[in-house]
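Below, each chain spelled out in residue letters.
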Amino acid sequence: MKAPPPLQVLELGLVAYEQAHARQLELVGKRQRGDCEDVLLLCEHPHVITKGRSKASDANVLAPGDVPVIEVERGGDVTYHGPGQLVAYPIVLLREGERDLHKYLRNLEAAVIETMAAFGLTGDREAGKTGVWTSDVHGARRKLCSLGIACRRWVCFHGLALNVVTDLTYFSRINPCGFDAAVMTSMSAEQTARGLVAPPATLSAVKEGLAAALAKALVRDLRR
């Protein structure tokens, strides 16, 4: 049986969005040329709002204030990134048999759902709405993870943003992915609401779990 291709993890820490974006584009070029293997970038960003290719994204930026707004080539609408949010950018060449972008998005969602389960939280999907959701203690639907990707010559980039210990008040500056900001939640907030104390959803712990879950969902051999 053929061994799965490697997925190299690079942890960038807290890094400016522009810097991480430039790193992605550099790696996309290298991956297209065969100069590197698949790479998973893991990071946090300082406060920033990004707009995807959706025509509605301009109208969904409400009151950014001192938070910069950056337009990028990923799919989707407007979203917020900030400290306490784990951002994952898989730079992955889709091989023969993998070239289905909808399935690729579902695989990213599956990795987040598996990661949440390790912290006592049930994640799921909303029909027709990309991302990962949960039902809060009152049964209301809440969103924890936003996804948006781009693909060039079958090399995917951009990825997902998972709210771990995020300051959710910053979402009020936008309609995240076209929704009211009140829909957003975080893993730590949901653990607190449920009285879950172990294992606590910390960035370091969630990072480890998400990297492993992404490698599993994408059928890659995780390398550190």
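This section reports on the structure supplied with the text. These numbers were taken from a predicted model, which means no experiment stands behind them.

Cut-offs applied
- Residues numbered from 1 in each chain as written.
- Predicted model: local features only at pLDDT ≥ 70, side-chain atom pairs only at ≥ 80, totals over all residues.
- Heavy atoms only, no water.
- Core = buried A, V, L, I, M, F, W, Y, C linked by side-chain atoms within 4.5 Å.
- Buried < 20%, exposed > 50% of the residue type's maximum accessible area, 1.4 Å probe, protein only.
- Helix = DSSP H or I, 4+ residues; strand = E, 2+ residues; numbered from the N terminus.
- Contact = heavy atoms within 4.5 Å.
- Phe/Tyr/Trp six-rings, centres within 6.5 Å; stacked < 30°, edge-to-face > 60°.
- Expected span 1.5 Å × (residues − 1).
- Pairing = 2+ DSSP bridges.
- Axes fitted to C-alpha atoms, helices over the stretch in contact; angles between N-to-C directions.

**Here's the deal with the nonpolar core**
In step 1: In this structure, L160, L162 and M187 are the most contacted members of the largest nonpolar core, which totals 36 residues.
In step 2: Of all elements in the fold, only β1 (6-14), β2 (38-44), β6 (85-93), α2 (101-117), β9 (141-152), β10 (155-163) and α4 (203-217) reach the threshold of two or more residues within this core.
In step 3: When residues in this core are grouped by element, the largest group, eight residues, is from α4.
In step 4: Dropping the residues within four chain positions of it, L160 is found in contact with L86, V87, A88, L108, V112, C145, S146, L147, L210 and L214.
In step 5: If you look at the next biggest cluster of nonpolar residues, it comprises 19 residues, including C36, L41, Y89 and F157.

**Side note on the packing of aromatic side chains**
In step 1: By the definition in use, this model includes three aromatic pairs.
In step 2: With a centroid separation of 5.2 Å and an interplanar angle of 75°, the aromatic rings of Y80 and F171 are classed as edge-to-face. Of this pair, Y80 sits in strand β5 (residues 78-81) while F171 is found in the loop between β10 and α3 (187-194), placing the two residues 91 residues apart along the sequence. Pair check on accessibility: Y80 and F171 agree, each one buried.
In step 3: Through a chain of ring-to-ring contacts, the aromatic side chains of Y80, Y170 and F171 assemble into a single cluster.

**A look at helix α1 (residues 17-33)**
Given 3.6 residues per turn, any residue in an α-helix points the same way as the ones three and four places further on.
In step 1: With 17 residues, α1 should cover 24 Å at 1.5 Å per step; its first-to-last C-alpha distance of 25 Å lies within 8% of that length.
In step 2: When we look at burial in α1, the residues that qualify are Y17, A20, H21, Q24, L27, V28, G29 and R31.
In step 3: G34 occupies a position one or two residues after α1 and carries a positive phi of about 80°.

**A short note on the sheet that holds strand β8 (residues 129-135)**
In step 1: One open sheet holds the eight strands; their spatial order is β7-β8-β9-β10-β6-β2-β1-β11, and the pairing between them is mixed. This sheet does not close on itself; its edge strands, each paired only once, are β7 (124-126) and β11 (221-223). Taken over all neighbouring pairs, the strand axes of this sheet differ in orientation by 25° on average, direction set aside.
In step 2: Both β9 and β10 contribute to a ladder of eight bridges, which runs antiparallel. For A150, the partnering residue across the bridge sits in β10 and is F157.
In step 3: Here α1 sits on the sheet and contacts β1, β2, β6, β9 and β10; the angle it forms with β10, its principal contact strand, is near 145°.
In step 4: Helix-sheet contacts for α4 involve β1, β2, β6, β10 and β11, and the interaxial angle to β6 is about 25°.

**Some words on the environment of L222**
In step 1: Counting through the fold element by element, L222 comes out in strand β11.
In step 2: In this structure, the C-alpha to C-alpha distance between L222 and V69, residues 153 residues apart in sequence, is 33 Å.
In step 3: Excluding its chain neighbours within four sequence positions, the residues that come into contact with L222 are L7, V9, A211, A212 and A215.

**Some words on unusual backbone geometry**
In step 1: Between A198 and the following residue, P199, the backbone shows a cis peptide bond with an omega angle of -10°.
In step 2: In this structure, H158 is a non-glycine residue whose phi angle is positive, near 60°.
In step 3: Here H158 is to be found in strand β10.
In step 4: For H158, a relative accessible area of 1% gives the class buried.
In step 5: You will see that V219, though not glycine, has its phi angle at about 55°, which is positive.
In step 6: One can find V219 in the loop between α4 and β11.
In step 7: For V219, a relative accessible area of 53% corresponds to the exposed category.

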